[in-house]
Amino acid sequence: MTFHEIRFPASLSFGSVGGPERRTELVQLANGFEERNTPWAHSRRRYDAGLGMRSLDDIETLIAFFEARRGQLHGFRWKDWSDYKSCAPSKSPGFRDCVIGTGDGETRAFQLIKTYRSGDEGYDRPITKPVADSVRAGVDAAELVRGVHWEVDETTGVVTFTDAPDEGVEVSAGFEFDVPVRFDIDRIQTSVASFQAGEVPDVPIVEIRV
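So, here is what we can say about the structure in this document. (Residues numbered from 1 in each chain as written. Predicted model: local features only at pLDDT ≥ 70, side-chain atom pairs only at ≥ 80, totals over all residues. Heavy atoms only, no water.)

1. Digging into the overall build of the protein chain
Part 1 of the argument: A tally of helices and strands in the protein chain yields three helices and 17 strands.
Part 2 of the argument: C-alpha atoms of the protein chain, sized along the principal axes, occupy 65 × 60 × 35 Å.
Part 3 of the argument: Counting across all 210 residues of the protein chain, residues that qualify as buried make up 41%.
Part 4 of the argument: Here the protein chain displays about 11600 Å² of accessible surface, and carbon together with sulfur accounts for 48% of that area.
Part 5 of the argument: Of the charged side chains in the protein chain, 25 are positive and 35 negative, and the gap between their average positions amounts to 3 Å. (Helix = DSSP H or I, 4+ residues; strand = E, 2+ residues; numbered from the N terminus. Buried < 20%, exposed > 50% of the residue type's maximum accessible area, 1.4 Å probe, protein only. Areas by Shrake-Rupley, 256 points an atom, 1.4 Å probe, with all protein chains shown as cover. Lys, Arg positive; Asp, Glu negative; His and termini not counted. Charge placed at Lys NZ, Arg CZ, Asp CG, Glu CD.)

Shown next, in the form of structure tokens:
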């Protein structure tokens, strides 16, 4: 399977529904207690793109995109309008939004991550599809210049510094990002009469690991 570095039309994904899912294995014990475990280190997101269709022109755009991806065969980028920034939705990304690592004097490459925190608990989500020209990065609370002090691979989300950050200093970044996904079906069924009557096609989208 290959990945196409193209985003599903953002105007269509705007009306979609979806979000993260987890897989938890529950074992009910004889004494009434239960044991819980998960085989997944990271959540996976699912969406329904069908709800974003507002016109027959949108349906045509969807079908063209689906055909160009060969159904489930090729992955693509997806803008999750409810979660596409390293900061709050109402703010602009800043270089101190997320700590992506700590310098050791040798490491130059750092994976972008977004940290979700609630109370004392947190989850670090790897970000592999940052949006072009949206990434900002800094070291030790000082913003650095892209192209001079660092570069980012926008297909992997890896930030590489020209010089390795000193030992113990905080490495941080801010960004917008897409979700790597694929269609979760190999068939789209549409009907002009049904669409005009208010029915929309079912177009499931699922996150993939890249």
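Now, onward.
2. Notes on the sheet that holds strand β7 (residues 98-102)
Part 1 of the argument: Here we have four strands laid out as an open sheet, ordered β7-β15-β11-β12, and antiparallel in their pairing. Both edges of this open sheet fall to β7 and β12 (142-144), since each of them pairs with a single strand only. When the angles between neighbouring strand axes are averaged without regard to direction, this sheet yields 35 degrees.
Part 2 of the argument: In terms of strand pairing, strand β11 (residues 136-139) meets strand β15 (residues 170-174) through four bridges, oriented antiparallel. The residue of β15 that forms the bridge with V139 is V171. (Pairing = 2+ DSSP bridges. Axes fitted to C-alpha atoms, helices over the stretch in contact; angles between N-to-C directions.)

3. A word on helix α2 (residues 56-68)
Structurally, the α-helix is built with 3.6 residues per turn, so residues lying three or four positions apart point the same way.
Part 1 of the argument: Counted at 1.5 Å a residue, the expected span for α2 with its 13 residues is 18 Å, and the 18 Å between its end C-alpha atoms agrees.
Part 2 of the argument: Note on α2: the residue one or two positions beyond its end, R70, has a positive phi of about 60 degrees. (Expected span 1.5 Å × (residues − 1).)

4. Comments concerning a negative patch on the surface
Part 1 of the argument: On the surface, D104, E106, D140, D166, E167 and E170 cluster together to form a negatively charged patch.
Part 2 of the argument: Tracing the sequence through the fold places E170 in strand β15. (Patch = residues over 30% accessible without salt bridge, like charges linked within 9 Å, V, L, I, M, F, W, Y side chains within 5 Å. Salt bridge = Lys/Arg side-chain N within 4 Å of Asp/Glu carboxyl O.)

5. Quick look at the environment of D97
Part 1 of the argument: If you trace the backbone, D97 turns up in the loop between β6 (75-78) and β7.
Part 2 of the argument: Overall, the relative accessible area of 30% leaves D97 in the partly exposed class.
Part 3 of the argument: Distance in space between the C-alpha atoms of D97 and P130 is 14 Å, their sequence separation being 33 residues.
Part 4 of the argument: Other than its neighbours up to four places away in sequence, D97 contacts S86, C87, A173 and G174. (Contact = heavy atoms within 4.5 Å.)

6. Some details on the pattern of salt bridges
Part 1 of the argument: Per the stated rule, a full pass over the model turns up 15 salt bridges.
Part 2 of the argument: A salt bridge links D184 to R46; its shortest N-O distance comes to 3.0 Å. Residue D184 is found in the loop between β16 (179-183) and α3 (192-196), and its partner R46 is found in strand β5 (residues 44-48); the two are separated by 138 residues along the sequence.
Part 3 of the argument: A residue is classified by how much of its surface remains accessible, and D184, at 26% relative accessible area, is partly exposed.

7. Here we look at the environment of P20
Part 1 of the argument: Relative to the assigned elements, P20 resides in strand β2 (residues 17-21).
Part 2 of the argument: Between the alpha carbons of P20 and S86 there is a distance of 16 Å; along the sequence they are 66 residues apart.
Part 3 of the argument: Those residues in contact with P20, other than ones at most four positions away along the chain, are S43, R44 and R45.

8. A short note on the sheet that holds strand β8 (residues 109-111)
Part 1 of the argument: If you trace the three strands from one edge of the open sheet to the other, you get β8-β14-β13, paired in antiparallel fashion. Edge strands, defined here as strands with exactly one partner in the open sheet, are β8 and β13 (150-153). With direction set aside, neighbouring strand axes in the sheet form an average angle of 25 degrees.
Part 2 of the argument: Pairing between β8 and strand β14 (residues 158-161): three bridges, direction antiparallel. If you follow A109 over to β14, its bridge partner there is T160.

Functional significance is not addressed by these values, which are geometric in nature.
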